[in-house]
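Analysis of the macromolecular model
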Protein chains: 2
Amino acid sequence: MSSYHPRIAVVGSGAIGCYYGGKLAASGHDVHFLMRSDLDAVRRQGLTLRSTGLPDVLLPKVQAYASTAEIGPVDLVLIAVKTTANAALDALIPPLLHPGTALVTLQNGLGNEDYLAQRFGAERVMGALCFICLNRIAPGVIQHFGAGTISVGEYRGAPQPRTIALTDALIQAGIEAVTVESLITERWRKEVWNVPFNGLSIAAGELTTDRILASPPLEKLVRGLMQEIVAIAAARGHEIPADYIDFQIERTRPMGAYHPSSLLDYQAGLPVEVESIWGEPLREARKAGVVAGRLEALYSLLAHFTV
Amino acid sequence: MSSYHPRIAVVGSGAIGCYYGGKLAASGHDVHFLMRSDLDAVRRQGLTLRSTGLPDVLLPKVQAYASTAEIGPVDLVLIAVKTTANAALDALIPPLLHPGTALVTLQNGLGNEDYLAQRFGAERVMGALCFICLNRIAPGVIQHFGAGTISVGEYRGAPQPRTIALTDALIQAGIEAVTVESLITERWRKEVWNVPFNGLSIAAGELTTDRILASPPLEKLVRGLMQEIVAIAAARGHEIPADYIDFQIERTRPMGAYHPSSLLDYQAGLPVEVESIWGEPLREARKAGVVAGRLEALYSLLAHFTV
C-alpha cells in the first residue's frame, strides 16, 4: 500500500502516542505530534524508541507542535490522551479536521468511540486496541517492554479500505497489526480482563496478577466480575463465548508478577481511567437492565481510592 | 423476679462475656466463667469493670475455670466466643447441659443460633444483640465506653417466661435490657448497618464511619449494600421497612470518627468475623435466589484481607 500517504496527527503524545506515531514516522509517514511537557526536549533531541532486544530507533527530527491549530487539517488523527482528559478533545480536534479526516482512538476501555462519534460524526471514527507494555522513561524516550499487537477496526460496521490501509501501514512500520471485524466486541473482550485484574490490582491492596490469582476469594471474584461483563456485553449485542473466562484466567497465570496498567498509574500518582474501564460498562448494564453488583461495588471502591 | 436464680456459665470470657457475666455476678447471680489466658490473673485479682462516669465495679472473687467440665451442668449458658471460634463450642457446651439448659448467644452476625440449634436442639436456643462498646484493657479488666443496651429473644417463636426472666435479671444488674419479639429479624436489622460499615471500614482502606460517609461513591455503595441486605431479609421472611436505610445512614453521621468493631479487630490483628457478618447473609441470599453482587464482592475482598 505504498500509495497510502496520509497526513497524520498524534494527539496525546505519551508513551502510546509516541510509540505508534514514532514507528509510523520512522517508516516514512508524515506524522505531526501535539506535545505538551516534552515539546522542548523533543524539538532539541528528537524521539527515541527503545525495545528490549532491538537497536534503539532514534528520530532526530520530529514534527512537534504546541497546538493542533499549528498542525492544521490532517487525514488521520491518532488519539492517545488519557481517557480522564477526553473533555480536552472537544477543543483539540476541530483544527485537525477536513471533510474526510478519520479519528482513530487508541485509548483504553469503553465509550471513547461514542464520545468522538457524538461530537465529530460516527463516520469519522475508528479505533484500535493496543496490547503493549510501554513506559515513558524520560522526555522523548519511550521504553518498549513487550508485545505490541494492535487491532484496528471501525466504530460502525465492517472494515473499509481505510481500515486495511492503516493496518498495512502499521505492519510496514514493523508493528504486529490486525484488522478486526467488530471493534466494539473486541473492546468488550478486553474489558473481561481489564475490569477484574486492573480493578482488583488497586482495590485489593496493590496486588500484581499472580497475587490476585493466589487468593481463592479473589479468583472467585475475578470470575464473578468476568461473568457480569460477559452478561452486559451479550445484552448489548456482543457475544463472548462461555469458555473465554477460563481462557483469560489461564493465560494470566503464567504472566507472574504482572502489574496491570491501572496499578502502575495508581502507584505513580497518575489519573486512573475509572470511567472508561469501570464506569462505562456499569452504565451499559443499566441501559440493558442487567444487574451487575460486583462491578458496581468495585467501581465505587475505585472511585473512592482514586479521588 | 427475685425467684430467678439460675446457675449461669459464661463461655468466651472476653470483653462481652466478662461485662455481662460480671454485672450479673455483681448483682448476686451465680456465674461461672470459662477462662483461658486471663484465668490466673482473674483468680488472683478478680474482675474489674470500668465504666466512664461511674465508679469501678470490682469483683474480688470470681468463679473462674479452665474447662467446662469443672463447671458442670448449668441452667443458662451465655456464649460470647468470637464466631470465628464457633467450632470449639462442639466440645465446650456438652458438659454444661442438663435437659433444661438454655443457650444464649451474645455473638455477632447471623447463623450463630442456627449453629447451636443444629447441635444442641432448637428449643434450648436464645440470643441477644449487644449494643455496647467495650475493651479488655488488661487481664480481667474491662473498660466500658458507651451504650450497653441488650435485646434478648428466642431463636424460635415469641418470648417465653425464661426470656423475660433473663431480661429482668439484666435490668436488675443495671443493664438496659429489652425483650424482642423476633430475635432473628433484629439480627437482620443489625446486619443492615454492620455489612456496609464494618465491611467498608476494612475494605475501603481502614476508614472510620465519618470518612466512609464523606466519600460520595462509598455512601452510594453503603446504600446499595443495605438494599441488598433488606432484599435478602425480606426473601427470608424478615420485613425491614424501606425508610430504615435512611434512618441508619442519618444516625451514623453524628457518630463522627467511629471505628466499627471489625476495624478494631482488623487493626489489632485479631480474627475478623467474616463468615457470621458477611458470609451468612450471602449464603441466605443464595438459598433465597436473591442476587447480591455487592455483598459478594465485599465478602470476597474481606475474605482476602483477613486471611
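Residues numbered from 1 in each chain as written. Chains lettered and ligands numbered in written order. Predicted model: local features only at pLDDT ≥ 70, side-chain atom pairs only at ≥ 80, totals over all residues. Heavy atoms only, no water.

Thoughts on the domain arrangement of chain A
Residues and elements named next belong to chain A. Segmenting chain A into domains produces domain 1 (7-181) and domain 2 (185-305). Using C-alpha coordinates to define each centre, domain 1 is positioned 25 Å away from domain 2. Summed over both partners, the interface of domain 1 with domain 2 buries about 1,500 Å², with 54% contributed by carbon and sulfur atoms. Together, Lys82, Leu110 and Leu129 form the three largest contributors to the area buried by domain 1 at its contact with domain 2, with a combined 44%. Applying the counting rule to domain 1 against domain 2 returns two salt bridges. Summed over the shared surface of domain 1 and domain 2, the result is 12 residue pairs in polar contact (both at pLDDT 80 or more). Of all the elements in the fold, those that place two or more residues in the side of domain 1 that touches domain 2 are α5 (112-120) and β8 (125-138). At five residues, β8 tops the list of elements feeding residues into the side of domain 1 that touches domain 2. Tallied by class, the residues present in the side of domain 1 that touches domain 2 amount to six nonpolar, nine polar and two charged. (Domains from an automatic or database assignment. Buried area = accessible area lost by both parts, 1.4 Å probe. Salt bridge = Lys/Arg side-chain N within 4 Å of Asp/Glu carboxyl O. Polar contact = N/O pair within 3.5 Å; in protein donor to acceptor, adjacent residues only side chain to side chain. Helix = DSSP H or I, 4+ residues; strand = E, 2+ residues; numbered from the N terminus. Nonpolar A, V, L, I, M, F, W, Y, C, P; charged D, E, K, R; others polar.)

A look at the pattern of salt bridges
All names here are of chain A. Applying the stated criterion across every chain, the model contains 36 salt bridges over all chains. Where Asp246 meets Arg223, a salt bridge forms, and the shortest distance between an N and an O atom there is 2.7 Å. Of the two residues, Asp246 is situated in helix α10 (residues 244-252) and Arg223 in helix α9 (residues 216-235); the sequence distance between them amounts to 23 residues. The partly exposed category is assigned to Arg223, whose relative accessible area is 22%. A salt bridge links Glu284 to Lys287; its shortest N-O distance comes to 2.9 Å. Note that Glu284 and Lys287 are positioned in helix α12 (residues 274-288) at a spacing of three residues, about one turn of the helix. According to the relative accessible area criterion, Lys287 is exposed, its value standing at 56%. (Buried < 20%, exposed > 50% of the residue type's maximum accessible area, 1.4 Å probe, protein only.)

Concerning the packing of aromatic side chains
Applying the stated criterion across every chain, the model contains eight aromatic pairs over all chains. Centre to centre, the rings of Tyr244(A) and Phe247(A) are 6.0 Å apart; their planes meet at 40°, and the pair counts as tilted. Of this pair, Tyr244(A) and Phe247(A) are both found in helix α10, three residues apart, which corresponds to roughly one turn of the helix. Taking the centre distance of 5.2 Å and the plane angle of 85° together, the rings of Tyr19(B) and Tyr20(B) count as edge-to-face. The residues Tyr19(B) and Tyr20(B) share a single accessibility class, namely buried. One aromatic cluster is present, formed by Trp193(A), Phe197(A) and Tyr258(A) through successive ring pairs. The ring of Phe131(A) carries the charged tip of Lys190(A) above its face, separated from the ring centre by 4.8 Å. Above the face of the Tyr115(B) ring, Arg119(B) is positioned so that its terminal group lies 3.5 Å from the ring centre. (Phe/Tyr/Trp six-rings, centres within 6.5 Å; stacked < 30°, edge-to-face > 60°. Lys NZ or Arg CZ within 6 Å of the ring centre and 35° of its normal.)

Some details on the relation of the copies chain A and chain B
Rotating chain A by 180° and translating it 0.0 Å along the rotation axis places it on chain B, where the RMSD comes to 0.0 Å. Taken together, the turn and the small shift mark the pair as related by a two-fold rotation axis. Proximity to the rotation axis, assessed at the C-alpha, singles out Gly293(A) in chain A; its C-alpha lies 1.9 Å from the axis. Interface residue correspondence from chain A to chain B reaches 100%, placing this contact among same-surface, isologous pairings. (Least-squares fit on C-alpha atoms with pLDDT ≥ 70 in both. Contact = heavy atoms within 4.5 Å.)

Concerning the pairing of strand β7 (residues 102-105) of chain B
Residues and elements named next belong to chain B. Residues Ala102 and Val104 line one face of β7 and the alternating positions Leu103 and Thr105 line the opposite face, and both faces are buried. For strand β6 (residues 76-79) and β7, the ladder comprises four bridges, and the chain directions are parallel. Each bridged residue has a counterpart across the sheet, and for Leu76 the counterpart in β7 is Ala102. The sheet contact formed by β7 and strand β8 (residues 125-138) spans three bridges and is parallel. Residue pairing in the sheet places Val104 in a bridge with Met126 of β8. (Pairing = 2+ DSSP bridges.)

Regarding helix α13 (residues 293-305) of chain A
Compared with the 18 Å implied by 1.5 Å per residue over 13 residues, the 18 Å span of α13(A) between its first and last C-alpha is a close match. Counting buried positions along α13(A) gives 12 out of 13 residues, so the element sits mostly inside the fold. (Expected span 1.5 Å × (residues − 1).)

A look at the packing of α9(A) against α13(A)
Residue and element names in this part refer to chain A. Axis separation between α9 and α13 bottoms out at 8 Å; the angle between their running directions is 110°. When the axis of α9 is compared with that of α13, the two are roughly perpendicular. As α9 runs across α13, the sense of the crossing is left-handed. Along its contact with α9, which presents Leu221, Gly224, Leu225, Glu228, Ile229 and Ile232, the element α13 presents Gly293, Arg294, Leu295 and Leu298. (Axes fitted to C-alpha atoms, helices over the stretch in contact; angles between N-to-C directions. Parallel < 35°, antiparallel > 145°, perpendicular 65-115°, else oblique. Left-handed = near helix turned anticlockwise from the far one by under 90°.)

Here we look at the confidence of the model for chain A
When the pLDDT values of chain A are averaged, the result is 95; 99% of them are 70 or greater. Across the whole predicted complex the pTM is 0.90, and at the interface the ipTM reaches 0.85. (pLDDT = per-residue confidence, 0-100.)

Describing the environment of Leu24(A)
Relative to the assigned elements, Leu24(A) resides in helix α1 (residues 15-26). Note: C-alpha distance between Leu24(A) and Ile175(A) (151 residues apart in sequence) is 9.2 Å.

Some details on the side chain of Thr101(A)
Residue and element names in this part refer to chain A. Relative to the helices and strands, Thr101 resides in the loop between α4 (89-92) and β7 (102-105). Separated by 2.7 Å, the side chain of Thr101 and the backbone oxygen of Val74 make a polar contact. Sequence-distant contacts of Thr101, defined by excluding residues within four places in its chain, comprise Val74, Asp75, Leu76, Val77, Leu96 and Arg124.

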